[in-house]
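# Structural features, examined
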Amino acid sequence: MRSNLFSGASRLLKYSRNGKLLTRARSTKVTSSSLDSQNQDAAATEGGKSESVEESPEQQQKLPTREPLAKNFFVGVVDKELLAYPEVIPRDEMAQLQNSLLPLKNYFEEPREGEEKTSPETLRQLGLYGLNAPTDYDGKGYGWSASLMASEPDSTDLNVTLGLQGHRVVVDLLKEVGTPLQQQRYLQDLSTGKLIGTEAIYELTPPEEDYFSTQAELHPESGKWLLNGEKSYVVCTPGERQLFLVLAQTQQPNVPGPLGRGTTIFLVDSQQEGVRLGEKHATFGCRGAEIRRVHFDKVKLGEDQVVGLPHDGNRYSEQLVRSSRLRGSLVGVSLAKKLLNKLAQYTVTTTQCGVQLKDLELTRVHLSRAMCSIYAMESMIYMTAGLLDEFRAQDVTLESAITKYFTLRQLYEIASQNLGLVGPKSLLSGEATEQGLRDAAQLCTQGESLDTLGMFIALTGLQHAGQSMNAGVRKSRNPLFNPGHIFGKFLDTNSIDSPKTKMQLSEHVHPTLEGASQCIEHSVARLQMAVELMFTRHGNAVVEKQSEMQRLAEVGTIIFAMWASVSRASRSYCIGLPLADHEMLTATAICSEGRDRVHTLCTQIFGGNFVNNDNNLLRLSKQLTKSKGYFPVHPLTFNF
């Protein structure tokens, strides 16, 4: 067996369909007014290249980096101190922030004409473009937690917030990895709204072999890049000057073929020659947003328009997708809250057969489950943001991916289950349930697909676990040469049905949550056993077992949801927040249901393909593809 058990997964993880490599990056302070430094770890990952980076005073004030929280779940390790929910915004600054948000909340709660609300000039007057921009460039200087909280009012209008969140992602990236020249050139205009940033990453039909159809070529004699291609699903603002963040394929000089293939991040001004807005996509949801194609025809770009190093865009993509995932999750939470509030009002005001809908047990269970899901979503978002704000260079790669994965899955489930309670009129054009379902479906498919995100979660967790489990798994896969190890495994009383733990998480939360904390302990232990079994059973081929990996991703997601919910509820009860006793009940319900789901999923992994029905489904799929569709004959057919 190879020395590194998961080296095969490392290669598979390196490039996704969109050509992204995710690495650790530095975070921003809560109310940072200075520019963040580039991640030193990422700077030394490729080819021994390194860049001298000095930490800002705000970075130096942060606590030292801790071990990654969610990644360690896969090896059965927990950081008990992180059960204290992050409090990164001081009390006086929180009061100021809440007061400053009141006008925004009032504005977006008032019924207005759509054109007026989405006007970029109105958004500029409200100061919504500079929430996360440094104060040195006329921004508010908010860190992760504060900027997400300040984004909540505009996130209630989906068509407005899609453009704003994309703009903030561009600002986040420039703050972290942009050069001083790029920051001086763009951040001032971005923070005031004179220049509106947006991502231009995805393509309608990705190529079979290359990373992107959009490609850029460097002409050494002029030092200019020539960009050609087309991007789709770009949130545009027609009539305004925009800054497109373009991820394009490039070829390293003197390195022919696939080995020299790389990606480069470019900053492209919409007013440059060769940039053209294409037709608007007729999307299923978010129909008020301008989601268009953007064409690049021989666009000349200078070296100062390259983010990071040429051919090395994968190195900086962790910062990009981390911001995109967190801010996209906030949009999903806002839509889920909106759907739940509408449904709650409907059940209170609607009576059928002499009984109010709110009194029906089925309705009450549905409402409560939706509320628990939203509570977990919100808890995960602000716990991840708090980790970024509180610790230097904290690795939240997995936490941000899990947050988006959980949020969008639960959002679509809430939107679809609402249809059954409202009835036939739920899909009438203009109904809140109909619009909510369309918007939820659009968010689930806008950008990363949920299946791809689930695979990334599992691969990242397995890659982290493979480094620490390598020695033990090698012994398990060679039993004849390691009889002592196998005999110890045989005597071990730890099992998937009755896991043994010594985590003692209950000592770090309110005593009322002792049962919930035990649910987390048992779930983490089951996840660790499932990961070890998958390595032992499949070795490096584990990356090909996609059904099992999707189960693993769901287990890791549920555990982080349980962790964040218990942490938040314990804090709320200890400091006496309103309705904190119901928060404790909410966290208990989340952990109780999560524990049972984790047990089911891990049992299926332990059972293997022939027990959990995967083998039957795989065999059926072969005939289905061979027949190119449904293959059984009509049920009334005679065989003669």
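Only a predicted model underlies this, so the values are computations on that prediction, with no experimental measurement involved. (Residues numbered from 1 in each chain as written. Predicted model: local features only at pLDDT ≥ 70, side-chain atom pairs only at ≥ 80, totals over all residues. Heavy atoms only, no water.)

## Points about the overall build of the chain
- In terms of regular secondary structure, the chain is built from 20 helices and 10 strands.
- Out of the 640 residues in the chain, the part that is buried amounts to 54%.
- In the chain, the share of contacts with a sequence separation of at least 24, taken over all contacts with a separation of at least 6, comes to 75%. (Helix = DSSP H or I, 4+ residues; strand = E, 2+ residues; numbered from the N terminus. Buried < 20%, exposed > 50% of the residue type's maximum accessible area, 1.4 Å probe, protein only. Contact = heavy atoms within 4.5 Å.)

## Describing the packing of aromatic side chains
- Tallied over the full model, the rule gives 4 aromatic pairs.
- Seen from their ring centres, Phe73 and Trp563 are 5.6 Å apart, and the 50 degrees between their planes marks the pair as tilted. Note that Phe73 is positioned in helix α4 (residues 69-73) and Trp563 in helix α18 (residues 546-575), a separation of 490 residues in sequence. We note that Phe73, like Trp563, is buried.
- A ring pair is formed by Tyr107 and Phe108, whose centres lie 5.2 Å apart and whose planes are at 90 degrees; its orientation type is edge-to-face.
- Using a relative accessible area of 9% as the deciding quantity, one classes Tyr107 as buried.
- Lying across the ring of Tyr211, Arg261 places its NZ or CZ 5.0 Å from the centre. (Phe/Tyr/Trp six-rings, centres within 6.5 Å; stacked < 30°, edge-to-face > 60°. Lys NZ or Arg CZ within 6 Å of the ring centre and 35° of its normal.)

## Describing the packing of helix α15 (residues 450-476) against helix α17 (residues 514-538)
- At a minimum axis distance of 9 Å, the contact between α15 and α17 shows a crossing angle of 60 degrees. Relative to α17, the element α15 is oriented oblique. In this structure, α15 crosses over α17, and the sense of that crossing is right-handed. Contacts from Leu462, Ala465, Gly466, Met469, Val473 and Ser476 of α15 reach α17 at Gln528, Val531, Glu532, Phe535 and Thr536.
- Among the residues making up the contact of α15 with α17, the classes are represented as 6 nonpolar, 4 polar and 1 charged. (Axes fitted to C-alpha atoms, helices over the stretch in contact; angles between N-to-C directions. Parallel < 35°, antiparallel > 145°, perpendicular 65-115°, else oblique. Left-handed = near helix turned anticlockwise from the far one by under 90°. Nonpolar A, V, L, I, M, F, W, Y, C, P; charged D, E, K, R; others polar.)

## What to know about the confidence of the model for the chain
- Residues with a pLDDT of 70 or more make up 89% of the chain, whose mean pLDDT is 86.
- In this model residues 1-53 is a low-confidence stretch, pLDDT under 50, and it forms 177 contacts with partners more than four residues away in sequence or in other chains. (pLDDT = per-residue confidence, 0-100.)

## Details of the pairing of strand β4 (residues 242-251)
- Most of β4 is tucked away: 9 of the 10 residues are buried.
- In terms of strand pairing, strand β1 (residues 196-200) meets β4 through 5 bridges, oriented parallel. Looking at the pairing, Ala200 lines up with Val246 of β4. (Pairing = 2+ DSSP bridges.)

## Points about α15
- In a regular helix each residue adds 1.5 Å, so 27 residues correspond to 39 Å; α15 covers only 33 Å between its end C-alpha atoms and thus falls short of that length.
- In α15, a bend of some 70 degrees at Met469 exceeds every other bend along the element. (Expected span 1.5 Å × (residues − 1). Bend = angle between axes of the 7 residues up to and from the residue.)

## So, the pairing of β1
- Most of β1 sits out of view: 5 of its 5 residues are buried.
- The alternating pattern of β1 places Ile196, Thr198 and Ala200 on one face and Gly197 and Glu199 on the opposite face, and all of these are buried.

## A word on the environment of Met377
- Among the structural elements, Met377 can be located in helix α12 (residues 361-390).
- Spatially, the C-alpha atoms of Met377 and Tyr405 are 9.9 Å apart, while their sequence positions differ by 28 residues.
- Leaving out residues up to four positions away in the same chain, Met377 has contacts with Val333, Ala336, Phe406, Thr407, Gln410, Leu411 and Ile414.

## Some remarks on the pattern of salt bridges
- Tallied over the entire structure, the rule returns 30 salt bridges.
- Of the charged contacts, one joins Asp172 and Arg327 as a salt bridge, the two residues approaching to 2.9 Å between their closest N and O atoms. Note that Asp172 is positioned in helix α9 (residues 158-177) and Arg327 in helix α11 (residues 313-349), a separation of 155 residues in sequence. Accessibility classification places Asp172 together with Arg327 in one group, the buried group.
- Its salt-bridge partner being Glu176, residue Arg322 comes within 2.4 Å of it at the nearest N-O pair. In this pair, Arg322 is assigned in helix α11 and Glu176 in helix α9, connecting sequence segments 146 residues apart. (Salt bridge = Lys/Arg side-chain N within 4 Å of Asp/Glu carboxyl O.)

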